[in-house]
Amino acid sequence: SDTRFLQSIFYFNKYEKDLMNDETMEFLAPYLDLEGFTPIIARNASKAAEGLCVWVKAMNMYHEAAKMVKPKLEALRLAEAQLADAQLDLDKAQSKLDICQDVLDKLKEDFDEQMASKKSIAEGADKTRIKMNQATSLINGLAGERERWTEDSIKFEERKSNLVGDVAIASSFLVYLGPFNEIFRNDLLHNVFITDLKERSIPMTSNFDLSSFLVSDDQIDDNGGGGGGSSGMISEWTALEGLPNDPFSIQNGILTTSKQSLHYPLFIDPQGQALNWILKHEIENLPSFKYCSISHPKLRERIEYCMMEGFALILTYVDNKIPNMLTPVLEKRIITKAKSKYIYISDKLCEYNDHFTLYLSTRLPNPQFSPEDQAKTTIIEFSVTRFSLEEQLLCLVMQTEQRQLEEQLEHILSDVTGNIKSLLTLDKLLLERLTTNEGNLLEDEELVSVLADTKEKAILVKERIAAAEVTRSGINEKRQQYRSIAIRGSILYFSIVDMFSINHMYETSLLQFQNLFELSMNIAEKSTTTTRRISSIIDSLTYVVYRYINLGLYEKDKIIFKLIMSLKMLMSCNLINQSDVSLFLKSGSLLLDTSPSTSQAETQKSESKSSSKSSSKSSSKTETQKGNPYPTWLPENVWKNVLQLSKDHKEKLLLFRDLSTQMNSKNEAIWRDWYEENEPENVDIPHYSHRFIHGSKNQIENSDYLKLLLIRTLREDRLVLSVTQFIRNFISIPSTTPASSSTSPPPSASSSDVANSPKLPAMGPKYAESITETTDEIFAESNALIPIIYLLSQGSDPTELIENLAKRKRREYLIISMGQGQEIIAHKSIQYATIKGTWIILQNCHLSLKFMEGIEDLLEKYHDQCHPDFRLFLTTESHHDFPISLLQISTKITNESSLGLREGMLRTYTTIIDQDRIDRVETMQWRSLVFALCFLHATVSIRKKFGSLGWCIPYEFNDGDLLACLTFMEKHLYQSALSWPTLQYMIAEIQYGGKITDDFDRKLFLTYTETWLAPFTIAPHFTFSPDVPLQHTSSSSSSSSNIGGGQEGGGGGGITHTSTMNNFTYNIPDCSETEEYIAMIKVYPEIDSPEVFGLHPNADMTFRFQESKLLLDSMITTQPKQIDENDGNDGENNGENNGNKKKTRDDVINDICSKIINEFPSSFDEELCLLMINEKRGGLSLPLNIFLYQEIKRLNYIIIEVMKYLDIIKYAIKGEIVITDKIENSIIQLYNGKVPDSWKLFDEEFQLFVPPLLNTWIINIINRNEQINNWLKNGKPKAYWIAGFFNPIGFLTGVMQEVTRARVMDKWSLDHVQLQTTVTHIDQINQLSRSQSQSQLNSQSSSSSSSEGALIYGLVLDGGAWNRDEQTLMESLPKTLLTPIPFLSVTACLNHNQSSNMNTNTSYGATTQFYECPVYKNRMRTKQFYIFTVSLPTRDKKPSHWTMRGVALLCSDD
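Residues numbered from 1 in each chain as written. Predicted model: local features only at pLDDT ≥ 70, side-chain atom pairs only at ≥ 80, totals over all residues. Heavy atoms only, no water.

Colleague: How would you summarise the overall build of the chain if you had to cite specific residues and measurements?
Modeller: In terms of regular secondary structure, the chain is built from 54 helices and 26 strands. Scored against the burial criterion, the 1454 residues of the chain give a buried share of 51%. Of all intrachain contacts in the chain linking residues separated by at least 6 positions in sequence, the fraction that spans at least 24 positions is 76%. By element, 53% of the accessible surface of the chain is carried by carbon and sulfur atoms, the whole surface being about 68600 Å². (Helix = DSSP H or I, 4+ residues; strand = E, 2+ residues; numbered from the N terminus. Buried < 20%, exposed > 50% of the residue type's maximum accessible area, 1.4 Å probe, protein only. Contact = heavy atoms within 4.5 Å. Areas by Shrake-Rupley, 256 points an atom, 1.4 Å probe, with all protein chains shown as cover.)

So this is what it looks like as C-alpha cells:
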C-alpha cells in the first residue's frame, strides 16, 4: 500500500544496490529457494508480482557479480588519483617545451629560406645546362635529316604536281584491273592507261610504282614515292604472312587491303593462296570457325554473328552465283538507328559493326559471274603465277636440301622486317611530335629521346640490313643452284592446270602437287654432288607427277599431257616460244584463203561462162599464196600447211623458209615417196634430215621438235605416233638456271646459253610406255581421308574391281547407287563407315552433285574419329559442275575399256569366262561358240574407235550384253539342237540389237552374226581374218587413172596395199582350259589390223586422223588467249608490218573480220530474185523453182546474219558494246581459225554443213552463192552440186515431183515412185557437151522410159573407191580416205521398176549385185544428216563386204 514503493525500488537500483552484503542475501535466500518463486507463478498473482520476482532474482545475480568487481573498482580509483598527480607534473614540463619549440621553429624557418634560395640558383644552372645539351642533341639529330628532308620537300612539290596522273592510274588500277591476270593487267596499265595519260599530256610520275603509292602515303623515300611504309608492310605480307613475293601477288595484296575500295573483295583463288594469306593477315580478327563455306547450312547465323561482333568473315567455295542473301551486306545497305547500325539479312534486322570485314573466295579458275555480282564486289585474280610458284617450290627444295640455309634466310627476313617496322614507328613518332609540339622544342625531353633512339636505331638497322644483304646474297647464290628444280616443278604444275581446260574433272590442287613435289625429293637418289642430286630430283619429280596425273586421265588425253609437258620444257630453255606452239597447233588454218578449190572453181567457172560473177572479190586469189603443184596426191589443206610453215621466217624455223620451193617438180618423186610411206616418221625427210644434224646449234638441239613440226605439216595422220616418238627421244634439255635475285623473275635464256649449258632430264622412253596401276597399288597409296574418284567411260565400271579388292583385304563394304533420295542414306553410311572402318562405294555421283558439295565438310567433321581402314570410293561421269573442292582433295583414276583385241579378249577370259563356264556344255561346239561370241563382242566394242566409219552411232556394249548372250546360248543348247537363225536373231536383234537405233548399224551387226555365227564357224579351218587380205601388190603410177583422186591422205599411184596384220590369222583355238585360251590370246598382235574388223586398212588412217584432230583441238583449248610475236593469221605480223609494231589479238580478230566481210558474197534482194524466178524461170509452179527460192532465202539469211555478227564482234573489240560469253567464244574460235559455234545455229532446221576450218567454211558459202547465182541468171545447171544445198532432200523431192508431172499421162503419182540413181562416166562439168541430153545419160539405166531427172556431183566415197572402167565398187587405194565418185544421174521410177533395178539391172550385167549405199551430209552418220540411198553395183565382192567396210557417200570431203 506504499505509494512510494516503486520510487524506492528505482532509488535502490541507482544508489543502494552496491550496499547489499552477504547477510542481507542470506535473509533473502529462503525466498529464492522456494519452488513457487518464479516469474511464471508470480504472474498468476499479478503483473507487478511477476516484475518484483524478476527484480529480486536480478539483484541476487548483481550481488554475486559485484563481489568480484568491487575490489577492482577500488584499485581503479586509486590509480586514477595517481594519474591526476602525474598529469599535473606533465603539464608543467610541456609549458617549458613549448617555449623551446617556438625558438627552434623560428631558427628553422630562417634556414629553409636560405636553402630554397640556394636550390633555386642550382636548378636554374641545371636547366640551362640541360637546354644546352638538348639543343646540341636536337641540332645534331636533325642535322642528319636536313639534307633528306630538304630534298624530299622539293620532290614533294613535284609529287603534288604529278598527283593528278598518279591518282588516275591508281584509281584505274583499283577499279578495273583486279579481275585480270598478270599479263593483261600489265598490258592495260602500261600500254593503255599510262600511254593514254602521256598522249593527253597529263603530268604523272615517271617509273610510277603502284605498290609504294597505294600502300603508304605518309612516308616519302629517297625516290620520292611512298617509301619505307610500303616496304615495311609488304615485307610483313610476304615474310610473315605468306603472300608470294612477286609483283602480281603484291598488287593483289594492295587490292585486298585498300581502304579506297568501296566493295568487299572476291578472290579468284583456284590454288588457295589468297585464303592461306588472308587467314594469317586477319588472324586477330577471325571468329573461332576461321572461315565458312558458302553452302554452309548455318551461313546466315554466322554472318550475323561476325557482323555484330566486328569479326572478319571469310566465305569459301563461292560458285558462279552469289546468294541473294548476301546482297544487302555486299551493297552495305546500312540502316542507322540512334547510335547503332543495322543491315537486313533474310528479312531479319541484324546489328552491324564498323570493324566487320567480308572476304569471298572461289576455287573456279574461270568463274562466270553476272555483271550484277561483279558490280557488288572487287574481283581479284589470285591465281598463282609462274615466278611465285617457283619461289614457293624453291623454298620447299631448300628446306629439304639445305634446311639450315633456308631457316637462316627466314630469320634474316623476319629480323629485317622487324627492324624496318621499328624504325618506321620511331620515325613516325618523331615527325608527329615535331608537327604537334606547341611549346619550346628544347623543353620536350621525350622528343629528344625519340630523336636519339631513331638515329641510333637507324644506324643499327642499316648495319643489320647491310649485313643481312651480304648474307642473303650468299644464300641466294646457293639457292640458285637448285632453281632448276623449282622451274621444272612450275612447268609440271602449269601443265596440270592446262589439263583442266580440256576436262573439268582433271582439277588438281596446289597442295596435292606440293605433296608430290616433296615425295619426289624424298625418293630421289641421294648424291654428294649437287649437280647429280639436282638431276636426280628433276627426273624423279617429272616421273612422279606424270605417273600420278596419268592415273586420272582418259586414254585420249594422256598423250596431250605428255606433249604439253614437253613443249613447256622446250619453252623454258628458249628452244621454242609460244608462237612456235601456235604454228604447230594451227598450221595452215592460220591462212585465210577464200579462193575456191581447184575442182570446184573449174566447175563454177564452166557453169558461168556466159555471165559475170556476182562478186569479183570472192573469186580473187591471195597473191601471197601459191597454187597446189600436186593436187593429184597432195591435199589442199596439206599444201596450206606447207605455205604457212614456209612463211614463218623466225630464227628457229629459218630452215623451212624454202620448203614450198623445195617441193618443186624436180623433187616431186622423192617427196611423193616420203609422203606415201607407211611410217614416214621412221625414214629420212628429203632435204631436211641432214640439216637437223649439220645445222645451227639451236637447230641440232631442237631437231626432234622440228621433225615433229614437219610431220605435222605434211602427214597429220601420223601426228600422234610422231608425238610418241618425239617424247621417247626427248631425253634431255639444256639447263638454263638464271643467277637472279629472289625479288625478280628469272630472265629468259639466250640461244648461246642454251647451247653451252649442262643437260637436265626431260622425258624419255619410260614416258612413251603405257602405265597400268592395279587396285592393290592404288590402295597401298591411299588413306582414309582422301576419297578415290573413278572417272567412268563407256563400257567401264570399276565396282567389280573394288569389290574384289575389298574381299582380298577382308573389308566390309557398302555400295550405294546415287540418285534421287539416296543422299540421306549415303550420309548415314559415311558416318557409320568412318567409325567402323567400312568401305563406301558411291556409284554415279554425277547424279547427286549437291551432295558431293558437302562431302569435304562431312569428312572434315568426322576427321578426328575416322577409322584408319575407312575408304571412300566414288564413280562418276565427267560433269562440268562437279565440285572442284572435292576434286582437289581426291585421287582420280580412269578405268577405260581396252582399244585392242588382245586386251579385250584377255579381260573377257579373266573376268567372265572361267573354267566353270567352259565346262558347262561338254562339247567342242559350245567352246567354239563361246570364243566366237567373245571375239564378236570385242570386235563390235572396239570398232567404235574408228568413228562413224565403225558405227554411225557409238554404242555402249558392255559385259552384261555378252553374259546375256552366253546365258541364252547355254539354255538353247540344253533345250534343243542349235538353230543358227534363232541364235543370230537373238544376238543381233534382241540382246545387242536392243541398243542399236540406226538401221544401217543394225544391218552391220546382222552382217557380223551372219558372217561369224553360222554353221561354218565351227568348221576346223574357220578364221575371223579376211579370206584374201590386202597384200603387197605391184602397180604402176598409171593404175589410178580409172579411180577418183584422193581427197584426203594421198593418191594411190605407185603405192601398194600393205597389210598391217603381219599375216596373223585370228581363228578359234581348239582348247579346253582357260589357261590355254589365255596363252593363245596373248600372241595376238599389239596393233590390230582394221581388216579383222571388216574395214579397209585405210581405216587405221581415219582413226589416226581423228586422234590427231582431237589432240590438236584439245591442245588449242589450253593455249593462252593473248597473241604472241609473229602469230598473225596471214603471216603479216612476222616483222614485216608497219614499223615492226606488234599486233594484239584484237588487231588480228579485227583483220579477220574485215577480210571475211570483203570476201563474203553480197546478200540477195529476195523480192528481185522472186521476180526473176516468176518472169524468167517459169514461176513457183515448178518444184525446183520453189526449192531454188527456199535456198536463196536460207543462204541470204546466213549472209546477213554473219555480216551482222562480224560487225558486232568489231564493235565489241572497240568496246562499244558489252562482250558476252557468246561473243567471247566466237572471238576465240575465229582467232584459232575455227567456225564460231553461234554460226552453226543459223540454219538449225536443215543442219547447214559446217566445215571445221574457217577458210573452208567461207569457200563453201562462196561456192553455194555462185551456184545459186548461176542457176538464177542462166537457168537450170547441167549438173547440180548437191553438197551446196541446205536441203538436199528437198532438191531430190523436187526432181521426183518434176519427173512425176512429166509422166502424168502415164498415171504416175508421187506416192508410187522412188528415186533411181545411176553412176555416169562424167567427172567434170566440162565433159558435158551442150548437145548431150539427160535422156542420153539415162540410157545407161534399165529404166530409160523417163528422160527427165538431174545430174548431181560433189559426192565422195568413204570406205571404198569407184572403178570407172568396170563401173563397180572397189577397194580404196592406200592412204586415200575419200574418193570422188563420178556424176550421178538421178531420176524417178515406179517402185516395181526400182525393185527390179536393184536385182537385175541389165546395164550392169545380169549377175551384178547392188550395195545400198547411204548418203550423208558429212561424216556424222546420223539420221539428221542422212539424205538418201544410192544403189552401187558390186561385182567382185558381196554387198555384205561393203557393209562391213562401212562404205558411204558424203557431201563433204573435209
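Colleague: A description of the sheet that holds strand S6 (residues 348-352) should follow, citing residues and the corresponding values.
Modeller: Taken in spatial order, the 3 strands line up as S4-S5-S6 in an open sheet, and their pairing is antiparallel. Single-partner strands in this sheet number two, and they are strand S4 (335-337) and S6. Across the sheet, the mean angle from the axis of one strand to that of its neighbour is 40 degrees, orientation sign disregarded. Against the sheet, helix H11 (residues 299-309) makes contact with strand S5 (340-345) and S6, and its axis sits at roughly 35 degrees relative to S6, the strand it touches most. (Pairing = 2+ DSSP bridges. Axes fitted to C-alpha atoms, helices over the stretch in contact; angles between N-to-C directions.)

Colleague: An account of helix H18 (residues 510-523) is needed here, citing residue identities and associated values.
Modeller: A rise of 1.5 Å per residue sets the reference length of H18, with its 14 residues, at 20 Å; its end C-alpha atoms lie 20 Å apart and thus fit the reference within 8%. Among the residues of H18, Leu-510, Gln-512, Phe-513, Gln-514, Leu-516, Phe-517, Ser-520 and Met-521 are the ones counted as buried. (Expected span 1.5 Å × (residues − 1).)

Colleague: Explain the packing of helix H40 (residues 924-942) against helix H43 (residues 999-1012) to me, and be specific about the residues and the numbers.
Modeller: The geometry of H40 relative to H43 is characterised by a closest axis approach of 11 Å and an angle of 150 degrees between their N-to-C directions. Relative to H43, H40 is oriented roughly antiparallel. In terms of crossing hand, the pair formed by H40 and H43 is right-handed. On the side of H40, the interface is formed by Ala-932, Phe-935, Leu-936, Thr-939 and Val-940, while H43 contributes Phe-1005, Tyr-1008, Thr-1009 and Trp-1012. The residue makeup of the contact of H40 with H43, split by class, is 7 nonpolar, 2 polar and no charged. (Parallel < 35°, antiparallel > 145°, perpendicular 65-115°, else oblique. Left-handed = near helix turned anticlockwise from the far one by under 90°. Nonpolar A, V, L, I, M, F, W, Y, C, P; charged D, E, K, R; others polar.)

Colleague: Run through the side chain of Glu-50, naming residues and quoting values.
Modeller: Looking at where Glu-50 falls in the secondary structure, it is placed in helix H4 (residues 47-161). Setting aside residues no more than four positions away along its own chain, Glu-50 makes contact with Pro-39, Ala-42 and Arg-43.

Colleague: Go over the sheet that holds strand S12 (residues 813-817) with me, naming the residues and quoting the values.
Modeller: Here 5 strands make up an open sheet; going across it, the order is S12-S13-S14-S11-S15 and the pairing parallel. Because the sheet does not close on itself, it has two edges, and the strands there are S12 and strand S15 (891-894). Strand after strand, the sheet turns through a mean of 20 degrees between neighbouring axes, direction not considered.

Colleague: Quick one: what's the story with the pattern of salt bridges, residue by residue and with numbers?
Modeller: Tallied over the full model, the rule gives 45 salt bridges. Lys-67 is the salt-bridge partner of Asp-22, the closest N and O atoms lying 3.9 Å from each other. Highlighted residues: Asp-22 in helix H2 (residues 22-33) and Lys-67 in helix H4, separated in sequence by 45 residues. Put simply, Glu-304 and Arg-300 hold a salt bridge, and the shortest N to O gap is 3.1 Å. Highlighted residues: Glu-304 and Arg-300, both in helix H11, separated by 4 residues, approximately one helical turn. Overall, Glu-304 belongs to the buried group, its relative accessible area being 18%. Several salt bridges share partner residues, and in doing so they unite Arg-300, Glu-301, Glu-304 and Lys-348 into one network. (Salt bridge = Lys/Arg side-chain N within 4 Å of Asp/Glu carboxyl O.)

Colleague: Now, about the environment of Arg-185: what can you tell me, with residues and values included?
Modeller: Inspection of the secondary structure assignment puts Arg-185 in helix H6 (residues 182-199). Sequence-wise, Arg-185 and Phe-173 are 12 residues apart; in three dimensions their C-alpha atoms are separated by 8.6 Å. Apart from the residues lying within four places of it in its own chain, the contact partners of Arg-185 are Phe-173, Leu-177, Gly-178, Phe-180, Phe-248, Gln-251, Asn-252, Leu-255 and Glu-381.

Colleague: Account for the packing of helix H48 (residues 1183-1214) against helix H49 (residues 1221-1231), with residues named and values stated.
Modeller: Following both chains from N to C, one finds H48 and H49 inclined at 100 degrees, their axes separated by 11 Å at the closest point. Judged by the angle between their axes, H48 and H49 are roughly perpendicular. Of the residues in H49, those touching H48 at Tyr-1205, Ile-1208, Ile-1209, Ala-1212 and Ile-1213 are Lys-1222, Ile-1223, Ser-1226, Ile-1227 and Leu-1230. Looking at the contact of H48 with H49 residue by residue, the class counts come to 8 nonpolar, 1 polar and 1 charged.

Colleague: How would you summarise the pairing of strand S8 (residues 377-381) if you had to cite specific residues and measurements?
Modeller: The element S8 is extensively covered by neighbouring structure, given that 5 of its 5 residues are classed as buried. As paired elements, strand S1 (residues 264-268) and S8 share 5 bridges and run parallel to each other. The residue of S8 that forms the bridge with Leu-266 is Ile-379.

Colleague: How would you summarise the packing of aromatic side chains if you had to cite specific residues and measurements?
Modeller: If you walk through the whole model with that rule in mind, you get 62 aromatic pairs. Between Phe-1000 and Tyr-1426, the ring centres sit 5.9 Å apart and the planes meet at 45 degrees, which makes this aromatic pair tilted. Of the two residues, Phe-1000 sits in helix H43 while Tyr-1426 sits in strand S25 (residues 1426-1434), which places them 426 residues apart along the sequence. Taking the relative accessible area as the measure of exposure, Phe-1000 reaches 24% and is therefore partly exposed. Aromatic rings pair up to connect Phe-935, Tyr-1008, Trp-1012, Phe-1016, Phe-1022, Phe-1024, Phe-1064, Tyr-1066 and Tyr-1084 into one cluster. When the ring centre of Tyr-675 is taken as reference, the NZ or CZ atom of Arg-715 above it lies at 5.6 Å. Geometry around Phe-1286 places Arg-1264 over its ring, the cationic atom sitting 4.6 Å from the centre. (Phe/Tyr/Trp six-rings, centres within 6.5 Å; stacked < 30°, edge-to-face > 60°. Lys NZ or Arg CZ within 6 Å of the ring centre and 35° of its normal.)

Colleague: Now, about the side chain of Asp-1001: what can you tell me, with residues and values included?
Modeller: The residue Asp-1001 is located in helix H43 in this model. One buried charged residue, Asp-1001, forms no salt bridge at all, with the nearest opposite charge on Arg-943 at 7.1 Å. When neighbours within four sequence positions are excluded, Asp-1001 is seen to be in contact with Trp-951, Cys-952, Ile-953, Tyr-955 and Ile-996. (Lys, Arg positive; Asp, Glu negative; His and termini not counted.)

Colleague: Quick rundown of the confidence of the model for the chain? Include the residues and the values.
Modeller: On average, residues of the chain score 81 in pLDDT, and 85% of them reach the 70 mark or higher. Low pLDDT (under 50) marks residues 604-624, which in the prediction has 39 contacts with non-local residues, meaning those over four places away or in another chain. (pLDDT = per-residue confidence, 0-100.)

Colleague: How would you explain helix H47 (residues 1166-1176) if you had to name every residue and give the values?
Modeller: Every buried residue of H47 is listed here: Cys-1169, Met-1172 and Ile-1173. Looking straight down H47, one finds that the buried residues subtend no more than 100 degrees of arc, so they occupy a single side. Facing away from the buried side of H47 by over 90 degrees, the exposed positions are Glu-1167 and Glu-1175. Tucked into the core, H47 has its buried residues touching H48 and helix H50 (1254-1274). Just downstream of H47 lies Gly-1178, where phi reads positive at about 100 degrees. (Arc of directions from axis to C-beta.)

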